[in-house]
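Secondary and tertiary structure notes
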Amino acid sequence: MPATAGPKASAPGATLYRMYVLSLATCLVGNLLVRLGARAGWLPAWAQVTLGVISALPLAAAAILFWRLLRRDLDEMLQRIVLEGLAFGLIVYVPLAGLYVNLRTSGAWTPRLDPPDILLAPAVLVAIGMALAWRRYQ
Amino acid sequence: MRNSLPLLRAALGWSQADLAGQLGVSRQTVNALERGKYDPSLPLAFKIARLFDRTIEDIFHPDGETA
């Protein structure tokens, strides 16, 4: 029988997720360089801002690619898994962030979170959400 | 939702990958459909019905109903 090629799906949204992790890594490297440069004084203020903006650009590109891949390359179940992962990430992140802010404000012990931690937390939560959704449908 | 997808596919000697190719979805989606873990959208259900030359009701059976 003739078999047309279906959407590639070694794992649900794996390409999308890799793309985002790579973009996040670029952004974090930029963040690290800005902080190191500012601390050591070898990076002028204008260069810190420029580097900060440039290193965040891949995330904007990833967002556009994400939208295209989600709509065109994934079938309906894989779209659902990715969207459920995103929903899980948002639903869990918001109360956790609220709790963290309130505990920190009240002076209770909280782990010190750097900007990289704050950037990575939603990505990790989305990955957990996608893994849970993937398990549910298999 | 239960379905007769595995029987219909086997009758034609197709693999899950073959069926996935015909429907334009991933093999994982066909697997989830056959195991009743995922209910297809209406357009996909129609596509499946057309492919096997059956009605949707012939293929998909709500839980609790006999085939």
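Now for a look at the structure at hand. Keep in mind that this is a model prediction, so the values were computed, not measured. (Residues numbered from 1 in each chain as written. Chains lettered and ligands numbered in written order. Predicted model: local features only at pLDDT ≥ 70, side-chain atom pairs only at ≥ 80, totals over all residues. Heavy atoms only, no water.)

**Let's talk about the overall build of chain B**
Of the regular secondary structure elements, chain B holds 5 helices and 2 strands. A compact globule built from 67 residues would reach a C-alpha radius of gyration of about 11 Å, and chain B, at 11 Å, matches this within 12%. Based on the C-alpha atoms only, the size of chain B along its principal axes is roughly 30 × 20 × 20 Å. Relative to its full complement of 67 residues, chain B shows a buried share of 46%. In chain B, the share of contacts with a sequence separation of at least 24, taken over all contacts with a separation of at least 6, comes to 55%. For chain B, the computed accessible surface area is about 3600 Å², with 51% contributed by carbon and sulfur atoms. Both charge centroids of chain B, one from 8 positive and one from 8 negative side chains, sit 7 Å from each other. (Helix = DSSP H or I, 4+ residues; strand = E, 2+ residues; numbered from the N terminus. Rg over C-alpha atoms; globule rule 2.2 N^0.38 Å. Buried < 20%, exposed > 50% of the residue type's maximum accessible area, 1.4 Å probe, protein only. Contact = heavy atoms within 4.5 Å. Areas by Shrake-Rupley, 256 points an atom, 1.4 Å probe, with all protein chains shown as cover. Lys, Arg positive; Asp, Glu negative; His and termini not counted. Charge placed at Lys NZ, Arg CZ, Asp CG, Glu CD.)

**Section: helix α1 (residues 14–40) of chain A**
Residues and elements named next belong to chain A. Between its first and last C-alpha atoms α1 spans 38 Å; for 27 residues at 1.5 Å apiece the expected length is 39 Å, and the two agree. Taken residue by residue, α1 has Ala14, Leu16, Met19, Ser23, Leu24, Cys27, Leu28, Gly30, Val34 and Gly37 as its buried positions. Contacts made by the buried residues of α1 are with α2 (45–72), α3 (76–105) and α4 (115–136). The first or second residue beyond α1 is glycine 41, which carries a positive phi of 85°. (Expected span 1.5 Å × (residues − 1).)

**Considerations on the packing of α2(A) against α3(A)**
All names here are of chain A. At a closest axis distance of 9 Å, the pairing of α2 and α3 adopts a crossing angle of 140°. Here α2 lies oblique to α3, going by the angle between them. Across the interface between the two elements, Phe66, Leu70 and Arg71 from α2 touch Gln79, Val82, Leu83 and Leu86 from α3. A per-class count over the contact of α2 with α3 returns 5 nonpolar, 1 polar and 1 charged. (Axes fitted to C-alpha atoms, helices over the stretch in contact; angles between N-to-C directions. Parallel < 35°, antiparallel > 145°, perpendicular 65-115°, else oblique. Nonpolar A, V, L, I, M, F, W, Y, C, P; charged D, E, K, R; others polar.)

**Description of unusual backbone geometry**
Phi is positive for B:Asp53, which is not a glycine, with a value near 55°. As for its position among the elements, B:Asp53 is in the loop between α4 (42–51) and α5 (56–59).

**Quick word on the pattern of salt bridges**
Residue and element names in this part refer to chain A. This structure, assessed with the given rule, holds 4 salt bridges over all chains. A salt bridge links arginine 80 to glutamate 84, with the nearest nitrogen and oxygen atoms 3.2 Å apart. In this pair, arginine 80 and glutamate 84 are both assigned in helix α3, 4 residues apart and thus about one turn of the helix distant. Two residues, aspartate 114 and arginine 112, come together in a salt bridge whose shortest N-O distance is 2.8 Å. Through salt bridges with shared partners, a single network forms among Arg80, Glu84 and Arg136. (Salt bridge = Lys/Arg side-chain N within 4 Å of Asp/Glu carboxyl O.)

**Overview of the packing of α3(A) against α4(A)**
Residue and element names in this part refer to chain A. Packing of α3 against α4 leaves a shortest axis separation of 7 Å and a crossing angle of 135°. As judged from the angle between their axes, α3 and α4 are oblique. Seen along the crossing, α3 lies across α4 with a hand that is right-handed. Taken together, the residues of α4 that come into contact with α3 (itself represented by Met77, Leu78, Ile81, Val82, Glu84, Gly85, Leu86, Phe88, Gly89, Val92, Tyr93 and Leu96) are Ile118, Ala121, Pro122, Leu125, Val126, Ile128, Gly129, Met130, Leu132, Ala133, Trp134 and Arg136. Each residue belonging to the contact of α3 with α4 can be placed in one class, and the counts come to 19 nonpolar, 3 polar and 2 charged. (Left-handed = near helix turned anticlockwise from the far one by under 90°.)

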